Amino acid sequence: KLLQYRPSASKFPIIVSQDCGHAQTAGVIQKYVRSHNITHIKQPDLSNIELPANKKKWVGYYKIARHYKWALDQIFITMNYPAVIIVEDDLDVSPDFFEYFSATYPLLKQDPELWCVSAWNDNGKQGMVSSEAELLYRTDFFPGLGWMIERKLYVDELQKTWPETFWDDWMRHPDQRKGRQCIRPEICRTSTFGKKGVSKGLFYEKHLKFIKLNSDFVPFSKMDLSYLLKENYDPMFKKTVYSAPVMTAEKARSNAMPSEKVVRVEYTSKESFKRQAKLLGIM
């Protein structure tokens, strides 16, 4: 899909980083090296990671974090690229995947309050998203699953304290985020078929397999996306939220006010949020 939708090989060189040392996998990658001139790099440290007994079940996550660190070092330090879009090996991408990242990259460079762009909406399930494929938002949460960062962020910050395991949870910690946001779409530009993997299908059957992948090409680069800059976005967002009528999650779910396009559901604690999120079917 990446090769099918890629508009330019020079603008979007594809680098496949392999961690498993599996000969058949390497053979498949090499076919694409020959046919499409992609770059194939191999993580050299395939040694086992010694862990105490109570952590041995997490060893896969330690290996993933080790691989990410090595691969990002290759991209940003060795190859000196200014930015990277990370696409895990169990993702499909939408027809406008590259268009989306091309159009949002200037915002990432311009706005110091942005630290990533993600192709993923955690609540992007079929029947729960708008049909307006051009809708984009800022989010405090790091979504991952097809995401872009700049070299400066990695070299100045992330590289120095990269964790031994659970790198994505670490990315979501306030010490890393530092109050910054990511851009994410209403309708996902990636979807996962990763039922098998280190997570053993966690959330897949109940959630991930229902994520809607965008099928329409949106010409983002021809649109004015300046509304996503913090100075423009925050006032607009607050106005939208606080001008909406307040409603309980139960009433929102039953569509108690069908004339209202937007309603506000408030929560007062973590437990309150979890209860209402469950009612609304959101993460």
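Residues numbered from 1 in each chain as written. Predicted model: local features only at pLDDT ≥ 70, side-chain atom pairs only at ≥ 80, totals over all residues. Heavy atoms only, no water.

Looking at an unreviewed UniProt entry, the protein carries the name Alpha-1,3-mannosyl-glycoprotein 2-beta-N-acetylglucosaminyltransferase, with the source organism given as Elysia chlorotica. As its UniProt record puts it under Subcellular location (unreviewed entry), the protein is described as follows: "Golgi apparatus membrane". You can read under Pathway (unreviewed entry) in the UniProt record for the protein the words "Protein modification; protein glycosylation." (UniProt positions renumbered as here; feature names shortened; annotations may be inferred.)

Trainee: Please give an account of the overall build of the protein that cites residues and values.
Mentor: A tally of regular secondary structure across the protein gives 10 helices and 9 strands. Taken over the C-alpha trace, the protein has a radius of gyration of 20 Å; the compact-globule value for 283 residues is 19 Å, and the two agree within 12%. Taking the principal axes of its C-alpha atoms as reference, the protein extends roughly 60 × 50 × 35 Å. Within the protein, the fraction of its 283 residues that count as buried is 39%. Counting contacts in the protein only where the partners sit at least 6 residues apart, residues at least 24 apart contribute 72% of the total. When the accessible surface of the protein is totalled, it reaches about 16,500 Å², and 54% of it is carbon and sulfur. (Helix = DSSP H or I, 4+ residues; strand = E, 2+ residues; numbered from the N terminus. Rg over C-alpha atoms; globule rule 2.2 N^0.38 Å. Buried < 20%, exposed > 50% of the residue type's maximum accessible area, 1.4 Å probe, protein only. Contact = heavy atoms within 4.5 Å. Areas by Shrake-Rupley, 256 points an atom, 1.4 Å probe, with all protein chains shown as cover.)

Trainee: Go over the packing of aromatic side chains with me, naming the residues and quoting the values.
Mentor: Under the defined criterion, the tally for this structure stands at 19 aromatic pairs. Judged by centre distance (5.0 Å) and plane angle (85°), the rings of Phe142 and Trp147 are edge-to-face. There is no split in this pair, since Phe142 and Trp147 are both buried. Seen in terms of ring centroids, Trp147 and Trp167 are 5.4 Å apart; in terms of plane orientation they differ by 20°. Their pairing is stacked. Placement of Trp147 in strand β7 (residues 147-150) and of Trp167 in helix α6 (residues 167-171) is noted, with a sequence separation of 20 residues between them. Both residues of the pair, Trp147 and Trp167, belong to the buried class. Grouping aromatic residues by their ring pairs yields a cluster made of Tyr68, Phe76, Trp115, Phe142, Trp147, Tyr154, Trp162, Trp167 and Trp170. (Phe/Tyr/Trp six-rings, centres within 6.5 Å; stacked < 30°, edge-to-face > 60°.)

Trainee: Lay out the domain arrangement of the protein with the relevant residues and their values.
Mentor: By domain assignment, the protein separates into domain 1 (15-243) and domain 2 (244-282). For domain 1 and domain 2, the distance between their C-alpha centroids amounts to 29 Å. The interface is formed by 8 residues belonging to domain 1 together with 8 residues belonging to domain 2. Of the roughly 530 Å² buried between domain 1 and domain 2 on both sides combined, carbon and sulfur atoms contribute 51%. Of all residues in domain 1, Asn123, Met128 and Val241 give up the largest surface area on contact with domain 2, accounting jointly for 48% of the area buried on that side. At the surface where domain 1 touches domain 2, the tally comes to 0 salt bridges. Linking domain 1 with domain 2 are 4 residue pairs in polar contact (both at pLDDT 80 or more), by the criterion used here. Its residues placed into classes, the side of domain 1 that touches domain 2 shows 3 nonpolar, 3 polar and 2 charged. (Domains from an automatic or database assignment. Buried area = accessible area lost by both parts, 1.4 Å probe. Salt bridge = Lys/Arg side-chain N within 4 Å of Asp/Glu carboxyl O. Polar contact = N/O pair within 3.5 Å; in protein donor to acceptor, adjacent residues only side chain to side chain. Nonpolar A, V, L, I, M, F, W, Y, C, P; charged D, E, K, R; others polar.)

Trainee: Before we move on, can you summarise the nonpolar core with the specific residues and values?
Mentor: Core analysis: the biggest nonpolar cluster contains 24 residues, and Tyr100 and Ile183 have the highest contact counts within it. Looking at this core element by element, the count peaks at 7 residues for helix α4 (residues 97-110). If you look at the next biggest cluster of nonpolar residues, it comprises 21 residues, including Tyr68, Leu72, Ile149 and Trp170. (Core = buried A, V, L, I, M, F, W, Y, C linked by side-chain atoms within 4.5 Å.)

Trainee: Lay out unusual backbone geometry in plain terms, naming residues and giving numbers.
Mentor: With phi around 60°, Asn37 is a residue other than glycine that occupies positive phi space. Structurally, Asn37 can be placed in the loop between α2 (23-36) and β2 (39-42). Residue Leu145 is not a glycine yet carries a positive backbone phi of 50°. Within the element layout of this structure, Leu145 appears in the loop between β6 (136-139) and β7. Overall, the relative accessible area of 24% leaves Leu145 in the partly exposed class.

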